[in-house]
Amino acid sequence: MAIEPEGYLHLARFVVPMVDGAPDLLVNGAVLTRHGRIVAVGPAADFPDPGVPLIDHGEAVLLPPLVNCHCHLELSHLAGLAEDGPWFRPGEMAAWIENLLNTRGEDGTGVEEQLFVARQALAGLYARGCIAVADIGNEQVSADIGAGFKVMVGFFREVLGMTAALAPRARELAAAVAADISLTAHSAYGTAPDLIQTLKQRAGEGLFSIHLSESLEELEFVALGSGPLAGFMARRGGVDPAFSPAGESPPAFLDRLGVLDRNTLCVHCVHVNDDDIKLLAARGAGVCLCPGSNRYLGVGTPPVAAMLAAGIRPGLGTDSLASNDRLDLWQEMKILARMAPEVDPGDILRMATSWGSDILGLGGDIGRLAPGFPAVFPAVRVPGITDPDEVFSSLVRGGGEIELEWVQ
Ligand SMILES: [Zn+2]
């Protein structure tokens, strides 16, 4: 019977620890593991006699596993939604949402098939190096999608309710759901303001995720109560009287409700101006960028450089297959690098790893190669790359071409 060694010394041409205060990149680096945990990271020369077997990964980068800060696995069966018809034009959120809601439940996909497709999507995320995902769903059955997977799935049940018909039912739901189920709000335009406050209060010190400033249509509705989203809601019986527009931006609106703080995760933040960015930074709110979804829906480009300059450390999310053509954080990095060529590729990689794990409250457990962290991480092939200055840019520009294997 083979006896499993108590640890390994993993060697690779490059190691990226993603630890504040440590070098960004180790050339000819090593990761020493024991009993499933990392015990040391450093140049290979520091480990002349490790006392455990060596595994040389060769022309590879060892880096922390990736973190997906925003996804809706439940919508995976709606892949290609925006490509289906003439009803959608870039930037038209209301049309996209209306079609999503109309398609959902009427496309003949049963619950079991939905869950099967969602699990396939989750398996795909793992295959691309993702170890944790914040997953938003509207159906309680979706809470089980991650069961049995090596990916940590934090499930948040999203409450929609801005129309006069839906809001009262949503209030009843929020009051009735068991306390151990995490609830979250859709957005400043999709959930009535009193409900947003109730849900935030209920979340306490836990993560409270909300879509924010995704489209110009959202800005118009939140500020003025008009535009295509108002038309969409009028077709569904009108807006709940709890909402009254006060000329504010979505972040200012949420701040007036008292729900912007370090546990609030603001997803998208495409149309945020300097005052909004200052406000988000001052409140310590988390920001999740979803560049692939933004490009797919044509809603615009987030002001990433201004966010970084204000001290915001965003994470990355894939959003769903209803608004993205694949769930792959490498693709998100690539799209973001094209959207914001002025941003340091090292920062883009941090968004997908250490910063993302911090935002989800997992920063002490995953997202870094450091002593005490799990000995589970990807080795990314970088054939032919010998110049340390090329490592980060080749990683963030690799997209779907990136090849990796899990080390564990
Ligand atoms: Zn979303």
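Computed from a prediction, not measured in an experiment: that's the story for all the values here.

Considerations on helix α12 (residues 345-352)
So, point 1. Of all 8 residues in α12, 8 are buried, a share of seventy percent or more.
So, point 2. Three or more residues of α12 are buried, namely Pro 345, Gly 346, Asp 347, Ile 348, Leu 349, Arg 350, Met 351 and Ala 352.
So, point 3. Among the residues of α12, the N-terminal cap falls to Asp 344, whose side-chain oxygen and the backbone nitrogen of Gly 346 are separated by 2.8 Å.

A short note on the sheet that holds strand β13 (residues 315-316)
So, point 1. In space, the 4 strands of this open sheet follow the order β10-β11-β12-β13, with parallel pairing throughout. Bordering the open sheet on either side are β10 (208-212) and β13, each of which pairs with just one other strand.
So, point 2. Direction of pairing for strand β11 (residues 264-268) relative to strand β12 (residues 286-289): parallel, over a ladder of 3 bridges. Bridge pairing in β12 places Val 267 opposite Cys 288.

Considering the coordination of the zinc ion
When a metal carries six donors in an octahedron, the ideal angles between them are 90 or 180 degrees, while four donors in a tetrahedron ideally lie at 109.5 degrees.
So, point 1. Surrounding the zinc ion are the protein donor atoms His 70 (NE2), His 72 (NE2), His 211 (NE2) and Asp 319 (OD), which sit 2.0 to 2.6 Å from the metal.
So, point 2. Between the 4 donor atoms coordinating the zinc ion, the angles at the centre fall across 85 to 166°, so the site counts as irregular.
So, point 3. Here the donor residues of the zinc ion are spaced in sequence according to H-x1-H-x138-H-x107-D. Of the two residues, His 72 sits in the loop between β6 (66-71) and α1 (93-103) while Asp 319 sits in the loop between β13 and α11 (329-339), which places them 247 residues apart along the sequence. With respect to class, His 72 is no different from Asp 319; both count as buried.

Quick look at unusual backbone geometry
Negative phi is the rule for most residues except glycine; trans is the rule for most peptide bonds.
So, point 1. Phi at Met 18 takes a positive value of approximately 60°, unusual for a residue other than glycine.
So, point 2. When you line up the elements, Met 18 lands in the loop between β1 (7-15) and β2 (26-34).
So, point 3. Relative accessible area serves as the criterion here: at 7%, Met 18 is assigned to the buried category.
So, point 4. With a phi close to 50°, Asn 28 is a non-glycine residue in the positive phi region.
So, point 5. Looking at the secondary structure, you find Asn 28 in strand β2.

With respect to the pattern of salt bridges
When their charged atoms lie close together, side chains carrying opposite charge are able to pair.
So, point 1. Using the criterion set out here, one finds 15 salt bridges in the structure.
So, point 2. For Glu 98, the salt bridge goes to Arg 235, with nearest N and O atoms at 2.8 Å. Highlighted residues: Glu 98 in helix α1 and Arg 235 in the loop between α6 (228-234) and α7 (250-257), separated in sequence by 137 residues.
So, point 3. According to the relative accessible area criterion, Glu 98 is buried, its value standing at 18%.
So, point 4. Classification of Arg 235 as exposed rests on a relative accessible area of 57%.
So, point 5. The residue Asp 358 makes a salt bridge to Arg 368 at a minimum N-O spacing of 2.9 Å. Linking Asp 358 in helix α13 (residues 354-359) with Arg 368 in the loop between α13 and β14 (377-381), this pair joins segments that are 10 residues apart in sequence.
So, point 6. Of the residues examined, Asp 358 reaches a relative accessible area of 36% and is grouped as partly exposed.
So, point 7. Assessed through its relative accessible area of 13%, Arg 368 is described here as buried.
So, point 8. Within this structure, Asp 24, Asp 347 and Arg 350 form a network of salt bridges that share partners.

Details of the pairing of β10
Two faces belong to every sheet, and in a regular strand the side chains alternate between them.
So, point 1. Burial analysis of β10 places 5 of its 5 residues in the buried class, which makes it a mostly covered element.
So, point 2. Burial along β10 is two-sided: Phe 208, Ile 210 and Leu 212 facing one way and Ser 209 and His 211 facing the other are all buried.
So, point 3. In the sheet, β10 pairs with β11 via 5 bridges, with the strands oriented parallel. Looking across to β11, one finds that Ile 210 is bridged to Cys 266.

Comments concerning the domain arrangement of the protein chain
So, point 1. Split by domain assignment, the protein chain resolves into domain 1 (7-64 + 368-407) and domain 2 (66-359).
So, point 2. The C-alpha centroid of domain 2 is placed 32 Å from the C-alpha centroid of domain 1.
So, point 3. Facing the 21 residues of domain 1 at the interface are 24 residues of domain 2.
So, point 4. Both sides of the domain 1 and domain 2 interface together cover about 1800 Å² of buried area, and 62% of this is carbon and sulfur.

Considerations on the packing of helix α4 (residues 193-203) against α7
So, point 1. The interhelical angle for the contact between α4 and α7, taken along N-to-C directions, is 65°, at an axis separation of 10 Å. Here α4 runs over α7; the crossing is right-handed. Across the interface between the two elements, Pro 193, Ile 196 and Gln 197 from α4 touch Phe 253, Leu 254 and Leu 257 from α7.
So, point 2. Grouping the constituent residues of the contact of α4 with α7 by class yields 5 nonpolar, 1 polar and no charged.

Rules used throughout
Sequence order sets the numbering: in each chain, residues are counted from 1 along the sequence as written. In keeping with the model being predicted, local features are shown solely for residues with a pLDDT of at least 70 and side-chain atom pairs are shown and tallied solely at 80 or more, while totals for entire chains, interfaces and linings include all residues. Excluded from the side-chain calculations are hydrogens and water; all other atoms, namely the structure's heavy atoms, are used. Exposure is judged per residue with a 1.4 Å probe applied to protein chains only, and the accessible area is read against the type maximum: over 50% gives exposed, under 20% gives buried, and values in between give partly exposed. In this description a helix means any DSSP run of H or I spanning at least four residues, a strand means any run of E spanning at least two, and both kinds are numbered starting from the N terminus. Pairing of N or O atoms within 3.5 Å defines a polar contact, subject to two protein rules: one partner must be a possible hydrogen donor and the other a possible acceptor, and residues neighboring in sequence count only if both atoms are side-chain atoms. Only strands joined by at least two bridges in the DSSP assignment are considered to pair. Only nitrogen, oxygen and sulfur atoms qualify as donors, and only when within 2.8 Å of the metal (3.2 Å in the case of Na, K and Ca); with water excluded, sites may look incomplete. When four donors show all angles between 85 and 135 degrees the site is tetrahedral, when four or six donors have opposite pairs over 155 degrees and all other angles between 65 and 115 it is square planar or octahedral respectively, and in every other case it is irregular. We define a salt bridge as a contact between a side-chain nitrogen of Lys or Arg and a carboxyl oxygen of Asp or Glu at a distance within 4 Å. Residue ranges for the domains trace back to a domain assignment, done automatically or taken from a database. Only heavy atoms enter the contact rule, under which two residues are in contact if any of them lie within 4.5 Å. Two parts placed together each lose some accessible area under a 1.4 Å probe, and the buried area is that loss summed for both. Helix axes are fitted only over the stretch in contact, all axes being lines through C-alpha atoms; the angle between N-to-C directions runs from 0 to 180 degrees. Helix crossings get a hand from a simple test, with the near helix turned counterclockwise from the far one by less than a right angle marking a left-handed crossing and a clockwise turn marking a right-handed one. For this scheme, ten residues count as nonpolar: Ala, Val, Leu, Ile, Met, Phe, Trp, Tyr, Cys and Pro. Four count as charged, namely Asp, Glu, Lys and Arg, and the remainder, Gly too, count as polar.

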